[in-house]
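Chains, contacts and geometry: an overview
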Amino acid sequence: MSEPAWREGGGRLHEVHLEFEVPFHDVDVLGIAWHGHYYKYMELGRTALMRARALDVAEVRELGHRLLVVDSHCRHTFPLHYADRVRVSAWFVSVAPRLVVAYRIRNLNHDRCAARGQTVLVTTDADGRMLPETPDALLQRLLP
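So, here is what we can say about the structure in this document.

Rules and cut-offs
- Residues numbered from 1 in each chain as written.
- Predicted model: local features only at pLDDT ≥ 70, side-chain atom pairs only at ≥ 80, totals over all residues.
- Heavy atoms only, no water.
- Helix = DSSP H or I, 4+ residues; strand = E, 2+ residues; numbered from the N terminus.
- Contact = heavy atoms within 4.5 Å.
- Pairing = 2+ DSSP bridges.
- Axes fitted to C-alpha atoms, helices over the stretch in contact; angles between N-to-C directions.
- Salt bridge = Lys/Arg side-chain N within 4 Å of Asp/Glu carboxyl O.
- Buried < 20%, exposed > 50% of the residue type's maximum accessible area, 1.4 Å probe, protein only.
- Polar contact = N/O pair within 3.5 Å; in protein donor to acceptor, adjacent residues only side chain to side chain.

Quick look at the environment of R53 now. Residue position: R53 is located in the loop between α2 (37-52) and α3 (57-62). R53 sits 52 residues away from I105 along the chain, and the two C-alpha atoms are 21 Å apart. When sequence neighbours within four positions are dropped, the list of residues in contact with R53 reads H14, F92, R141, L142 and L143.

If you trace the five strands from one edge of the open sheet to the other, you get β1-β3-β4-β5-β2, paired in antiparallel fashion. With partners counted over all chains shown, the strands left at the sheet margins are β1 (13-21) and β2 (65-76), one partner each. Each adjacent strand pair in this sheet contributes to an overall mean axis angle of 20°, direction not counted.

Under the criterion given, the structure shown has nine salt bridges. Notably, a salt bridge pairs E15 with R12, separated by 3.0 Å at the nearest N-O pair. Between R46 and E43 there is a salt bridge, with the nearest N and O atoms lying 2.3 Å from each other. Remark: E43 and R46 occur in helix α2; sequence separation between them is three residues, near one turn of the helix. With relative accessibility at 36%, the residue E43 sits in the partly exposed group.

Turning to the side chain of D125, a few remarks are in order. Mapped onto the elements of the fold, D125 is located in strand β5 (residues 112-125). Classification of D125 by relative accessible area gives buried; the value is 15%. Engagement of the side chain of D125 in a polar contact is seen with the backbone nitrogen of D127, the distance being 2.9 Å. Among residues more than four places away in sequence, those in contact with D125 are G64, H65, R66 and L131.

Without other data, these values stay purely geometric and don't point to any function.
Written out as structure tokens, the structure reads:
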């Protein structure tokens with residue numbers, strides 16, 4: 001029997017979107033968003049995704065767990081400039097044994113993908129011991 005898509009990383013589970021304008025304080029002297037801010041934009045997407053599943057930081061702590069980012073990457077494909085409209089999309093590609101979140105950052109002014117990225121999160125217990133699998137308490141809020 002094959003594993004469900006949420007285990008293999010087969011789909012866009014619980015996709016969320018948020019839009020904003022690139023602020024002046026995120027750009028360099030050329031008016032281009034500094035590459036490191038793309039991780040901040042991905043974090044905004046991940047926060048929205050986790051909140052949509054009732055798994056914001058306080059809620060995860062109440063369940064007796066913590067989440068840690070153990071891997072992240074971002075591929076830049078088109079620049080973001082000051083005042084560009086941006087859409088960040090975030091979704092789970094896998095929830096077990098680790099949470100894997102994918103991102104797409106789109107420059108709406110130019111209708112182009114500005115970046116694609118991914119983060120991998122592990123779960124720990126309240127004392128910081130890494131768990132080998134995503135615990136059931138989290139999975140109950142993550143599974144379709």
